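Observations on the three-dimensional arrangement
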Amino acid sequence: MDAEQRSRSNPFGMDEDCRNCDLCERRERVVHGYGDVGADFLFVGEAPSEGAERTGIPFTGDERGERFQHALGLLGLNNSLPTSEQPELENAYLTNLTRCRHPERDPEQGEIDRCEPFLNAEIRMINPEIIVPVGAAALAEIAVEYTTTPAEEFSMDDHHATTNRGRGFALVPMRDPGEATDGELREFVSHFESLMESDYRQTKGRRKR
């Protein structure tokens, strides 16, 4: 974790009483990003799960989160148990396209658009080397906003556990751990391990860790 960072939870102090869309009427709480603000690796899901809404931390609080945190542990990015509701992340930051959960449906495009400034600010402040869209919805949105490749050329079936060029970073899609098979998660871990062992850093004036 960055030497100047005081908290892993919402470290940039983003608005926890956001009223920018109708999701504010249905949510239990706002779930902003969590992790190491000096991270090379930024993981982006679609929206908080029911478990994450309870804990206030993305990718925690349920079986999906445990599978995800287990994968991070295998990569050396999580120094706590997969069941931890406050994972001890190093060199990883977790966030979502939207910060609030609707109890009955996935987020709509307008809600994703209203939340986009939060994600954009996190990307600018963290300046990651690798962005990992977790799930097909996150892949579709990030491909549109943050790569020069048409979104229709990306699919999770074809691009899960592959490295793709983005605007100043690489894009490494990951199938949603709530849907992925054990083999697909192993495939992602294996590919990401190889990536971490390579010279993945871009020449863009990053501070040294």
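Residues numbered from 1 in each chain as written. Predicted model: local features only at pLDDT ≥ 70, side-chain atom pairs only at ≥ 80, totals over all residues. Heavy atoms only, no water.

**Quick notes on the nonpolar core**
Membership of the largest hydrophobic core comes to 27 residues, with the highest contact counts inside it found for Phe43, Ile130, Val132, Phe188 and Phe192. Counting only elements with at least two residues in this core, the list comes to β2 (41-45), α2 (63-74), β3 (92-96), β4 (130-133) and α6 (182-197). In terms of residues, this core owes the most to one element, α6, which gives five residues. Excluding residues that lie within four positions of it along the chain, Ile130 makes contacts with Asp40, Phe41, Leu42, Phe169, Ala170, Val172, Phe192, Leu195 and Tyr200. (Core = buried A, V, L, I, M, F, W, Y, C linked by side-chain atoms within 4.5 Å. Buried < 20%, exposed > 50% of the residue type's maximum accessible area, 1.4 Å probe, protein only. Helix = DSSP H or I, 4+ residues; strand = E, 2+ residues; numbered from the N terminus. Contact = heavy atoms within 4.5 Å.)

**What to know about the packing of aromatic side chains**
Two aromatic rings, taken as a pair, are described by how far apart their centres are and by the angle between their planes. For the structure shown, the criterion picks out seven aromatic pairs. A centroid spacing of 6.0 Å and a plane angle of 45° characterise the contact between Phe12 and Tyr93, whose relative ring orientation is tilted. One end of the pair, Phe12, is in the segment before β1 (34-35); the other, Tyr93, is in strand β3, with 81 residues separating them in the sequence. Note on Phe188 and Phe192: the rings are 5.3 Å apart at their centroids and 25° apart in plane angle, and the pair reads as stacked. One end of the pair is Phe188 and the other is Phe192, both in helix α6 and four residues apart, which spans about a single turn. An aromatic cluster is built from Phe41, Phe43, Phe59, Phe68, Phe188, Phe192 and Tyr200, whose rings are joined through pairwise contacts. (Phe/Tyr/Trp six-rings, centres within 6.5 Å; stacked < 30°, edge-to-face > 60°.)

**As for α6**
For α6, which comprises 16 residues, the first-to-last C-alpha distance of 23 Å matches the rise-based estimate of 22 Å (1.5 Å per residue) to within 8%. Among the residues making up α6, those that are buried are Glu184, Leu185, Phe188, Val189, Phe192 and Leu195. With its buried residues spanning 135° around the axis, α6 presents them on a single face. Facing away from the buried side of α6, by more than 90 degrees, are the exposed residues Asp182, Arg186 and Glu197. Packing partners of the buried residues in α6 comprise β2, α2 and β4. (Expected span 1.5 Å × (residues − 1). Arc of directions from axis to C-beta.)

**A closer look at α2**
Helix length check: α2, at 12 residues, gives a terminal C-alpha distance of 17 Å against a target of 16 Å (1.5 Å per residue), a fit within 8%. Taken residue by residue, α2 has Arg64, Gly65, Arg67, Phe68, Gln69, Ala71 and Leu72 as its buried positions. Against β2, β3 and α6 lie the buried residues of α2. Once α2 finishes, Gly76 follows within two positions and takes phi at roughly 80°, a positive value.

**A word on the sheet that holds β3**
An order of β1-β3-β2-β4-β6-β5 is seen for the six strands of this open sheet, with the pairing classed as mixed. Edge strands, defined here as strands with exactly one partner in the open sheet, are β1 and β5 (164-165). Each of β2, β4 and β6 (170-171) is contacted by helix α4 (residues 136-146), which is oriented at about 135° to β4, the strand it contacts most. (Pairing = 2+ DSSP bridges. Axes fitted to C-alpha atoms, helices over the stretch in contact; angles between N-to-C directions.)

**Quick word on the pairing of β4**
Side chains Ile130 and Val132 project from β4 onto one buried face, and the interleaved Ile131 and Pro133 project onto a second face that is buried too. Note that β2 and β4 share four bridges and pair parallel. Looking at the pairing, Val44 lines up with Pro133 of β4. Where β4 meets β6, two bridges bridge the pair, whose relative direction is parallel. In the strand pairing of β6, Ile131 is matched with Leu171.

**A closer look at the environment of Glu46**
Residue placement: Glu46 occurs in the loop between β2 and α1 (50-55). Among the residues examined, Glu46 registers a relative accessible area of 22% and is labelled partly exposed. Taking the C-alpha atoms as reference, Glu46 lies 23 Å from Ser7; in sequence the two are 39 residues apart. Those residues in contact with Glu46, other than ones at most four positions away along the chain, are Asn96, Leu97, Thr98, Asp106, Pro107, Val134, Ala137 and Ala138.

The values reported here are purely geometric and, on their own, carry no functional implication.
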